[in-house]
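Chains, contacts and geometry: an overview
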Amino acid sequence: MCVAIPMEVVRVDASRGVVRSAGVELGSDGNLVHASNVELEVRLDLLEDVRVGDYVIVHAGYAIQALPAAEARETLAVLERLAGR
Amino acid sequence: MSSALLAEARALCSRLGAWRDRPLTFMEVCGTHTMAVAKSGLRTLLPETLRLVSGPGCPVCVTPVGYVDHALALAALSDVVVVTFGDMMRVPGSAGSSLLRARAAGADVRVVYSPREALTLAHAQKQKQIVFLSVGFETTTPGVAATLLEARREGVGNLSALTANKTIPEALSTLAASAELRLDGLLCPGHVSVVLGPEVYQPIAARFGIPCAIAGFEAVEILRGLAALVDQVAGGVARVDNCYPAAVRPGGNPKARQLLDEVFEPCDADWRGLGVIPRSGLRLREAFAHLDAARRFEVELPEPVEPRGCRCGEVLRGAVAPDECPLFAGACTPEQPIGACMVSSEGSCAAAFAHASEDLA
């Protein structure tokens, strides 16, 4: 399934990276919940020049797109409001 | 929901509600859209003139029963570990068995989140043959390609893939040409478009005169896509509107497309419900034939038998709604699925079942 939540890149090591769910993540029931800063190892093979601080969309363990930071933060802000309190 | 979003959602709904000219049928093609539509109760917000049908965008659902039989035959081999995405586990094969039942009977079947985990497992269990069940659309297949490229680079001898990968644009062309459906618009999948780029739908809009809109996954984003489709119909035009521009760029993701193309080549593919569509599948190129599980292992396969009474095929091409199937919610439930559409959480039947009570509430 497609999860459209931008993840923040916190470490890069060649084609491996670590991303952190920033703001929101999907709960076990598939609903948006506020993130608990979970770190996840992902592959960066499908993108060029990923840097720490970039935001990416992850699908099945591979980052499939980098998002401009400003737009990613905007998306996250919207998703955070959807997650509610 | 924030007030700005709620205001936008209201404005979009009233824009959609203003459509009175003639009944329109739009199809949402992505399994995640199907889930989001069911979960948000979005259908109840649409005017009666606007019908939203679900398409073949759940990879597990469109995988023919013969593939499940093949996976089960491989799982029965003593030195094989079958590695799969979770939603394949309960899809019934011809004889009513499933990977879940095979595992309960002693087969080694592992559920993973990423194809890359199959490679890790191949390194960890060198005495075993690791077979990855490669099912998915253009969003998933580049990751499989990257995994197989890595395996080839490392000379890994005990990993292979049983492929049933499919491509969305060819299936959409088939649906667009369907006299049975007579679609007025296509809500195109977000993340397939991230990889392929919005241009791939251009021929569908041009050739069939069917408006296309690419949408993100939140309810409000789906509403934006639907509103773009209505606007195109009202304006008498058919083009591709990109309503998910933050992630979907012209040309898509070039590196993902390049890896996909390096490892896979087009082939004819059998879609449950749609039949064989020319060049709508992906198979491993000759240079990767040694990683093809279908060539590595010789197994005997039964003649594929679709489950009796199941209308998954018609559900998948949007010809009937899930609750028009006689098995829906009776003999076929997410706990005891008969058809694939009830198995995967992205399947139209599973989504309709899970949220039926909310729609009535």
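Residues numbered from 1 in each chain as written. Chains lettered and ligands numbered in written order. Predicted model: local features only at pLDDT ≥ 70, side-chain atom pairs only at ≥ 80, totals over all residues.

**Examining the domain arrangement of chain B**
Accessible area lost upon the coming together of the parts is a frequently used measure of interface size. Residues and elements named next belong to chain B. We count it as follows: Marked domain ranges trace back to an automatic or database domain assignment. Each residue gets a C-beta atom placed from its backbone, and two residues are in contact if those atoms lie within 7 Å. We count a stretch as a helix when DSSP gives it H or I for four or more residues in a row; a strand needs E for two or more, and each element gets its number in order from the N terminus.
For chain B, the assigned domains read domain 1 (1-310) and domain 2 (312-360). Spacing between the C-alpha centres of domain 1 and domain 2 amounts to 18 Å. On the side of domain 2, 27 residues touch domain 1, which itself brings 32 residues to the contact. Breaking the side of domain 1 that touches domain 2 down by element, the ones donating at least two residues are helix 2 (31-40), strand 2 (50-54) and helix 3 (59-62). Top contributing element to the side of domain 1 that touches domain 2 by residue count: helix 2, with six residues.

**Here's the deal with the interface of chain A and chain B**
If you look at the interface, chain A gives 21 residues, while chain B gives 30 residues. Contributing elements (two or more residues each) for the side of chain A that touches chain B: strand 6 (55-59), strand 7 (62-67) and helix 1 (69-83) of chain A. Considering each element in turn, the side of chain A that touches chain B owes the most residues, five residues, to helix 1 of chain A.

**Description of the pairing of strand 5 (residues 129-134) of chain B**
All names here are of chain B. Counted only if it meets this: Every C-beta atom is placed from the backbone, and the number of other C-beta atoms within 10 Å of a residue's own sets its class: buried at 20 or more, exposed at 12 or fewer, partly exposed in between. Paired strands are those between which DSSP finds at least two bridges.
Here strand 5 lies mainly inside the structure; six of its six residues are buried. Every second residue of strand 5 is oriented toward a common face, with Q129, V131 and L133 on one face and I130, F132 and S134 on the other, all of them buried. Of the pairings in the sheet, the one linking strand 3 (residues 80-85) to strand 5 comprises four bridges and is parallel in character. The residue bridging V82 from the neighbouring strand is V131, located in strand 5. The sheet contact formed by strand 5 and strand 6 (residues 159-163) spans five bridges and is parallel.

**Remarks on the sheet that holds strand 8 (residues 185-188) of chain B**
Residue and element names in this part refer to chain B. Threshold: Note on geometry: axes are lines fitted to C-alpha atoms, helical ones only across the stretch in contact, with angles between N-to-C directions running from 0 to 180 degrees.
Here five strands make up an open sheet; going across it, the order is 2-1-8-9-10 and the pairing parallel. Only two strands of the sheet have a single neighbouring strand rather than two, namely strand 2 and strand 10 (240-242). Direction aside, the axes of adjacent strands within the sheet are offset by 20° on average. Bridge count between strand 8 and strand 9 (residues 212-214): three bridges; the pairing is parallel.

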